[in-house]
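Report on the structure
One letter stands for each residue in the lines below.
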Amino acid sequence: MTTSAPNHPGPVDPLRESVAVMDRLYSPGGCPWDREQTHETLVRYLLEEAHELAEAIETGDRAGMREELGDLLLQVLFHARIASEDEEDPFTVDDVAADLVAKLVRRHPHVFADTAVTTGDGHAALYTQWDEIKQQEKQRESVLEGIPLAQGALARAQKVLSRAQRAGLGEVVAGPTAVVASVPPVAPGEARDGRGAAPSGTPDEAERAYGHELLDVVRRAQADGVDAETALRVALREVEQAIVTAEGDRLARRG
């Protein structure tokens, strides 16, 4: 799709225009703040934009989705522009796009080549094919390699369990861990399911037990096809809405 811009003699590709605008902002004589940024200083903005996009998607905010997709695209353009001036390993947004195209084609041989893949099995064959291709590309020694350590613990736990199951290690993560199973029951009312770590043991033991109990919740969500991170965000939004409503009711009573 192209549009006409008043300052250009012909049609303008919006994507190329966005690259040109980012280049102008970061180049000498552009925006001083932009020029001072580095990959490291932009990390927090990248994470913020990703979370804001996720919220717009989950709340059905179409206008917000469009805006946040643009903000996330800005982060891609910004990092690529900074990278273009790296003295040791420079690359541009065109390099990023070319690598992406090559990866998509390489990882979809059932679309771009003559490789057949079984369908109707919940995409299990596709997942296996993708894992095999990634293994060849990355030469990974463990199924855990490539899972970011900085990822939120809940999302990371789900990724670890998923990787293990797809690698044929499902029995390792199939049931409650020994740590959770060993947690003694508590008095009625102290825990909904009659289990908890706080009433007994040291703080370290309680922390470890709760950690494994949370892991078991993620495992159960995985088995039911539920994204635990999304489920928790939805529950938090409901709690937040209840808090806002309660605050409004309290103000109304005071008034």
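Refer to the structure printed above.
Below is a summary of the structure that appears in this document.

About the criteria used
- Residues numbered from 1 in each chain as written.
- Predicted model: local features only at pLDDT ≥ 70, side-chain atom pairs only at ≥ 80, totals over all residues.
- Heavy atoms only, no water.
- Core = buried A, V, L, I, M, F, W, Y, C linked by side-chain atoms within 4.5 Å.
- Buried < 20%, exposed > 50% of the residue type's maximum accessible area, 1.4 Å probe, protein only.
- Helix = DSSP H or I, 4+ residues; strand = E, 2+ residues; numbered from the N terminus.
- Contact = heavy atoms within 4.5 Å.
- Axes fitted to C-alpha atoms, helices over the stretch in contact; angles between N-to-C directions.
- Parallel < 35°, antiparallel > 145°, perpendicular 65-115°, else oblique.
- Left-handed = near helix turned anticlockwise from the far one by under 90°.
- Nonpolar A, V, L, I, M, F, W, Y, C, P; charged D, E, K, R; others polar.
- Salt bridge = Lys/Arg side-chain N within 4 Å of Asp/Glu carboxyl O.

Details of the nonpolar core
- Ranked by size, the top nonpolar core spans eight residues in total: Met 22, Tyr 26, Leu 42, Leu 77, Phe 78, Ala 80, Ile 82 and Val 93.
- Taken together, the elements giving at least two residues each to this core come down to helix H1 (14-26) and helix H4 (62-83).
- The biggest single contributor to this core is H4, with four residues.
- For Ala 80, the residues in contact, after removing those within four places along its chain, are Phe 91, Thr 92 and Val 93.

Quick notes on the packing of H1 against H4
- Where H1 contacts H4, the axes come no closer than 10 Å and their chain directions differ by 55°. Regarding the angle of H1 to H4, the classification is oblique. Seen from above, H1 lies across H4 with right-handed handedness. In contact with Leu 15, Ser 18, Val 19, Met 22, Asp 23 and Tyr 26 of H1, H4 contributes Leu 73, Leu 74, Leu 77, Phe 78, Arg 81 and Ile 82.
- Of the residues contributing to the contact of H1 with H4, the split by class is nine nonpolar, one polar and two charged.

So, the pattern of salt bridges
- Counted according to the given criterion, the structure contains nine salt bridges.
- Salt-bridge contacts for Arg 237 lead to Glu 58; the nearest nitrogen and oxygen are separated by 3.1 Å. Of this pair, Arg 237 sits in helix H11 (residues 228-254) while Glu 58 sits in helix H3 (residues 39-58), and the two are 179 residues apart along the sequence.
- One salt bridge connects Arg 219 with Asp 216, and the closest N-O pair in it is separated by 3.5 Å. Taken as a pair, Arg 219 and Asp 216 lie in helix H10 (residues 203-223) at a separation of three residues, close to a single helical turn. The same class applies to Arg 219 and to Asp 216, which are both buried.
- Connected via shared salt-bridge partners are Asp 23, Arg 35, Arg 81 and Glu 85.

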